[in-house]
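Summary of the model geometry
Letter by letter, the chains look like this.
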Amino acid sequence: MTSVAKLQNPYGDGKLIESCGLFGMMDTSGRPLRGRDILKAMANMRDRGNGLGGGFAAYGIYPEFREEYAFHLMYEHEEGRKRTEAFLRSHFKVVHHEAIPHRATAEIDGAPILRRYFLRVEKGVARAGQDDYVVKKVMAINTGIDGAYVFSSGKDMGVFKGVGYPEDIGRYYCLDDYEGYLWVGHSRFPTNTPGWWGGAHPFSILDWTVVHNGELSSYDTNRWFLEMYGYACTMQTDTEVLAYGVDLLARRHRLPVETLAAVFAPPLWEAIDRMSERERRRHATLRATFGGLLMNGPFSIIVAHHGEMIGLADRIRLRPLVAARRGDLVFLSSEESAIRVISPKLDATWIPSGGEPVIARLRPVAAEAVGGNA
Amino acid sequence: MSRFVINARGVDQRDLNGRVRAAAEAGNEAVVLRNVHGQRYIGTSLRKPVKVDVYGTPGNDLGAFMDGPTIEVHGNAQDGLGNTMNSGEIIVHGGAGDVLAMSMRGGRVFVEGNVGYRCAIHLKEYGSKVPVIVIGGTAQDFFGEYMAGGRVVLLGLGGDGLAANFIGTGMHGGAIFIRGRVDPEQLGKEVGVAEPDEADQAFLAGVIEDYRRRFGRGRGAGRGRGAGQIPTEGFVKLYPRFLRPYGRLYAQ
Amino acid sequence: MPFFAPAQFIVDRDDARCIRCKVCVNQCSFEVHSYDAETDEVRSRDERCVGCHRCEALCPTRALAVRFNPMEIRPNANWRPEHIRDLQRQADTGGVLLTGAGNDKPFRIYWDHLLLNASQVTNPSIDPLREPMELRTFLGRKPDRLDFDDLDGELTTELGPQLVVETPIVFSGMSYGAISYNAHLALNQAAQEFGTLYNTGEGGWPAEFRRFGNRTIVQCASGRFGIDLDYLESAAAVEIKIGQGAKPGIGGHLPAEKVTAPVARTRMIPAGTDALSPAPQHDIYSIEDLAMLIGALKEATGYAKPVCVKISAVHNAAAIASGAVRAGADIIAIDGLRGGTGAAPKVIRDNVGIPIELALAAVHDRLVKEGIRNHASILAAGGIRSSADVVKAIALGADAVYIGTAALVAMGCTLCQMCYTGKCNWGIAVTDPWLTKRLNPDIATRHLVNLLRAWSLEIKEMLGGMGINAIESLRGNRLQLRGVGLEDWELKVLGVRGAGA
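Here we come to the overall build of chain B. Within chain B, the regular secondary structure consists of 2 helices and 11 strands. Listing each helix as α and each strand as β along chain B from the N terminus yields β-α-β-β-β-β-β-β-β-β-β-α-β. Computed over C-alpha atoms, the radius of gyration of chain B comes to 18 Å, within 12% of the 18 Å expected from 2.2 N^0.38 for 252 residues, which places it in the range of a compact globule. For chain B, the spread of C-alpha atoms along the three principal axes comes to 55 × 50 × 30 Å. Look at the contacts in chain B between residues 6 or more apart in sequence, and 43% of them connect residues 24 or more apart.

Structure representation (structure tokens):
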């Protein structure tokens, strides 16, 4: 979509300013959860948004196409669709494609053309290189084909988002019909964009999704640092730099989530100076090397990919994040009330410390929610 | 004498210098480097009076910042030899390239053959340190530029003559001795010409003997030169006419 | 026939207040004041006055006032008094005009056209007095990625040598000789006390200071004064000085008058000769030669110290900096048009180079575009006057700044620009032991530490306002800047939006 910046940022501001509410839930045993629960939770936090953006990510929803990259596309016009489909056919084997199911509702209008494609990377691309191949193709469509925008590209997962309150967007996409073991939701309150469907959260590349609340004061520093690694920050949003930061460190550099958290929200030098030699060296090296990825200013985020959901708040906890657990279920939310709406009884709730990630992992890999006690 | 041999073929310069340093620190008094091909900074980080023999063609900045060792190059040397050298000795059985012994403060350099452009520039001396450079052949332009101290001797062996210009330009210390004819227009404006005095003659006789001892049996410019075979006559001495060559440059 | 050349300063003496203590007579190295015992009068030769205000400051009865004397000639926007005075001096002497300190011409000072942001509503400002605010800065090459052991999670990537400073303000190189021993001692002590760095400049490094080596950058400049292995090994980092903002492209001559015995000892040259610094380093005629010297210095220091390359801000600074980083520089220092000097030809100081703000922005952008910005830190120098300038420099892309003139002013310099005369009445830009004594190194240390403290507090205030609590999040964060009164092309070079946009 060549005019992403214009759609996103019609006033040409330095960046978009937005805040929100966020929610995540995961069954660490892998049992499927119905979409209607997260719609209820998001509706409970309606006051945190302003109707200019809502969205969801759901994992484990396409078991029949588990091995295919599921591309969700929005088109401004048929021409964009034609060119994109030709592009997809020339770079992938299109296993299946269809309209993304939706229903007409009174609350939602102005939707773009929404379609999904289940794609296999053609032979000739080594398996290890397939993810990078897909990322390149997503970038090529999003920056090169007018009127087309890929907003979801992972396997067996999908992003559903648009302009409206999240519960209305959820109903529009018929999310109550989906089942997945991990759900993330977001309600947006932008101040300088009228709202564009592609600009809603989650922001996603491959199966990584990020929803974010807050306003990064370090945005421009994060932007140039990521540009050095080849990321073009066309969306002018904090969430975009967070997502690229996750992609760089977690996917490309294969750093564990704890390390990612130590980069985004590092301990204070005072604390580092008091650590053991080994930890001091680790944190000092991380801060010196990746200071450009310190996410400075208020944020709470939920980062998800297959098998893992991570909650993280900035190091001096300027944005809220509540965690809760009941049996195999782990919840993350901007507000506890939203969790209680769907699970009145909880084994534990806690407020994670700034910079300390809450990590929920799928069993049997590791069934645990780290970071707190009742 | 304990002697350590390193085959430098294909060895990266940092690795090679590290190995030489380790050999010196292990107490070896001599290190022999074979098959040297362009590795730089040989001798730079050695702070022991170790002897290093280099076979092959060492890279630039041989003996840069060097403090103590003796390096003998059995072949030609490249640019930047003895850069900012503090003490020790470098002997080259052959020629050397440009910018030889820039800003050298102490120690001695003997080159059997010719040297390139801008050699012996900004030579200094300080306290008991008086750098000495003896070149068997000839040198090219800007020889001894900015010279602030030390002694440089051009023996003029090998028959190549001295075609250099701007010799000693900006010179404000030290002395250059050249055997053979030097035209006034070859010299920098700040240079005076004199006959070597008695003390100079004694100094020349000494370094000529040192040169003969190092190269007399070789195959280069110094070949077959036994005692008395390098003339101690026929030298001119170049000296700085002013301690402050640029004192009048500025409006006072 | 004499020129019409009125005194530049007028010394007003209130005779009723003057107690004939002769402090002014004894203090003035330019010999402005004299006492006539016969008439019991103190007289002034105003034409010798350089406007350093030493006498005024020390006069116990406040009987003295030194005022600038505007040349009362027909106003002419083209032929200004400075031109006329310079013409006269050159007609008189046939020499090159020297000057000291930084460029005093009214070239646009971009700091004064940049305004900072503050948080309102959408993100909170942070209260630096009560919440953490971090200024610690690492200077040196950073790796592109970090690797950890798969089994035990141990960090396996070794971070190259770094300089760690507790505030992003580093003292700039000023040679011993250009400034006094006591000035060096004070800079040295202040850097140690505050956790920042002192730079020896190119005039060697007094041996007794080497106990402060972990807080010292030593210079390797074209004159190679005082450089031996001990000098290199005792320091925290080595800086290759290619250029200086006040005099890009030219060398320097420390006049023999300033080469006293201790200066000569420190530079390891004979006393009483001019100390010449060639224009280029004669072992660097090209970028690969720079790589060679960087390599030699790293070899000489066991690859344990970062190597900084200092260049003047010139027209193609971005390309030069990029080349230097690729040649192995771990830190790039850029010294702008308004950088200071102990002595420079006036025509060079006032006409060569570009402002630091533009060069800094261009260098940062180029290194980002080439994906090597993390391979070197950037030190911005040349006309940093306040903590706001520091913050703006970092927002434009610097890791830290060098201050020279500001530090001298903190020690008492009044910017009379006579550094090159060797007569500094304040004991700063001087080597004469009688004048050097005037600078009490412990008081000067206190003043420097106070300056660092005050600026650091102010930087924290500004950062907090922006909602940033670690200095690394300001680096290259140009959205925190807006331009006022700048042309489009200037905004573009700076990468900054106009105010309101």
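Next, the rest of the story.
Here we come to the overall build of chain A. Of regular secondary structure, chain A possesses 11 helices and 19 strands. Relative to its length of 374 residues, chain A is compact, with a C-alpha radius of gyration of 19 Å against a globular reference of 21 Å. A principal-axis box enclosing the C-alpha atoms of chain A has dimensions of 60 × 45 × 45 Å. Long-range pairs, those at least 24 residues apart, make up 75% of the contacts in chain A between residues at least 6 apart in sequence.

To continue, consider the interface of chain C and chain A. Contact residues are listed per partner, giving 34 residues for chain C and 31 residues for chain A. Here the residues of the side of chain C that touches chain A are counted per class, giving 13 nonpolar, 11 polar and 10 charged.

Next up on the list: the domain arrangement of chain B. Partitioning chain B into domains gives domain 1 (1-59) and domain 2 (81-240). Spacing between the C-alpha centres of domain 1 of chain B and domain 2 of chain B amounts to 27 Å.

Counting residues at the interface gives 38 residues for chain B, matched by 30 residues for chain C. For the side of chain B that touches chain C, a count of residues per class yields 14 nonpolar, 15 polar and 9 charged.

Moving on, we come to the sheet that holds strand β10 (residues 198-199) of chain C. Residue and element names in this part refer to chain C. Strand order in the open sheet formed by 8 strands is β9-β19-β18-β16-β15-β12-β11-β10, and the pairing between neighbours is parallel. Every interior strand has two partners, whereas the edge strands, β9 (169-171) and β10, have only one. One ladder, built from 3 bridges, connects β9 with strand β19 (residues 400-403); its direction is parallel. In the sheet register, Phe171 faces β19, and the bridge partner there is Ile403.

This next bit is on the sheet that holds strand β7 (residues 148-152) of chain A. All names here are of chain A. Reading across from one edge, β5-β6-β4-β7 is the order of the 4 strands in this open sheet, with antiparallel pairing throughout. Two strands in the sheet have a free side with no partner beyond their single neighbour: β5 (92-99) and β7. Put simply, the sheet's adjacent strands are angled 30° from each other on average, direction ignored. Of the strands in this sheet, β4 (69-75), β6 (113-121) and β7 are in contact with helix α4 (residues 130-144), which crosses β7 at around 140°.

This brings us to the pairing of strand β1 (residues 3-7) of chain B. Residues and elements named next belong to chain B. Little of β1 is tucked away: 0 of the 5 residues are buried. In this sheet, strand β2 (residues 30-37) lies alongside β1 in parallel orientation, the contact comprising 5 bridges. Paired with Ile6 across the bridge in β2 is Leu33. In this view, the connection linking β1 to its parallel neighbour β2 by way of helix α1 (residues 13-25) has right-handed handedness.

Here the focus is the arrangement of the chains. For the 2 pairs of chains in contact, the largest share of contacts goes to chains B and C. Between chain A and chain B there is no contact; the minimum C-alpha to C-alpha separation amounts to 25 Å.

Residue and element names in this part refer to chain A. Most of helix α8 (residues 257-264) sits inside the fold, with 7 of its 8 residues counted as buried. Within α8 the residues assigned to the buried category are Val257, Thr259, Leu260, Ala261, Ala262, Val263 and Phe264. On the buried face of α8, the contacting elements are α7 (238-252), α10 (277-290), β14 (308-313) and β18 (358-361).

Now for unusual backbone geometry. Where the residue is not glycine, phi is negative for most of them; where a peptide bond is considered, it is trans in most cases. In this model, His201 of chain A is joined to Pro202 of chain A through a cis peptide bond whose omega is 0°. Along the chain, Pro202 of chain A turns up in the loop between β10 (182-190) and β11 (203-205). The backbone of Asp40 of chain C shows a phi angle near 55°, a positive value even though the residue is not glycine. On the secondary structure map, Asp40 of chain C appears in the loop between β2 (33-36) and β3 (41-44). According to the C-beta neighbour criterion, Asp40 of chain C is exposed, with 8 such atoms within 10 Å. The backbone of Leu415 of chain C sits at a positive phi, close to 60°, despite the residue not being glycine. For Leu415 of chain C, the location among the structural elements is in the loop between α12 (405-410) and α13 (433-436).

Below, the discussion takes up the environment of Val138 of chain A. All names here are of chain A. Inspection of the secondary structure puts Val138 in helix α4. Assessed through the 20 C-beta atoms surrounding it within 10 Å, Val138 is described here as buried. Through-space distance from the C-alpha of Val138 to that of His186 is 23 Å; in sequence the pair is 48 residues apart. Sequence-distant contacts of Val138, defined by excluding residues within four places in its chain, comprise Val150, Ser153 and Ile205.

All names here are of chain A. Between helix α6 (residues 219-228) and α7, the least distance of the axes is 10 Å, while the angle of their chain directions is 40°. Taken as axis vectors, α6 and α7 run oblique relative to one another. Read as a crossing pair, α6 and α7 show a hand that is left-handed. The segment α6 lies against α7, with Tyr219, Asn222, Arg223 and Leu226 engaging Asp238, Val241, Tyr244, Gly245 and Leu248.

On to the confidence of the model for chain B, then. For chain B, the mean per-residue pLDDT works out to 92, and 94% of the residues sit at or above 70. The ipTM for the predicted assembly is 0.88, set against a pTM of 0.91.

Residues at a pLDDT of 70 or more form 93% of chain A, whose mean pLDDT is 90. Low pLDDT, under 50, characterises residues 365-374 of chain A; the stretch is placed with 27 contacts to residues that sit more than four places away or in other chains.

Residue and element names in this part refer to chain A. In this fold, Arg116 is placed in strand β6. Taking the C-beta count within 10 Å as the criterion, Arg116 has 19 such neighbours and is therefore assigned partly exposed. When the C-alpha positions of Arg116 and Cys20 are compared, they lie 27 Å apart, and in sequence the two are 96 residues distant. Look past the residues within four positions of Arg116 in its chain and what remains in contact with it is Ala70, Phe71, His72, His97, Glu98 and Ile100.

This part is about the environment of Pro168 of chain C. Here Pro168 of chain C is to be found in the loop between β8 (163-165) and β9. If sequence neighbours within four positions are ignored, Pro168 of chain C has contacts with Leu135, Thr137, Val390, Ile394, Asp399, Ala400, Val401 and Ile471 of chain C.

Conventions and cut-offs
- Residues numbered from 1 in each chain as written.
- Chains lettered and ligands numbered in written order.
- Predicted model: local features only at pLDDT ≥ 70, side-chain atom pairs only at ≥ 80, totals over all residues.
- Helix = DSSP H or I, 4+ residues; strand = E, 2+ residues; numbered from the N terminus.
- Rg over C-alpha atoms; globule rule 2.2 N^0.38 Å.
- Contact = placed C-beta atoms within 7 Å.
- Nonpolar A, V, L, I, M, F, W, Y, C, P; charged D, E, K, R; others polar.
- Domains from an automatic or database assignment.
- Pairing = 2+ DSSP bridges.
- Axes fitted to C-alpha atoms, helices over the stretch in contact; angles between N-to-C directions.
- Buried ≥ 20, exposed ≤ 12 C-beta atoms within 10 Å, placed from the backbone.
- Right-handed = clockwise from strand over helix to strand, strands pointing away.
- Parallel < 35°, antiparallel > 145°, perpendicular 65-115°, else oblique.
- Left-handed = near helix turned anticlockwise from the far one by under 90°.
- pLDDT = per-residue confidence, 0-100.

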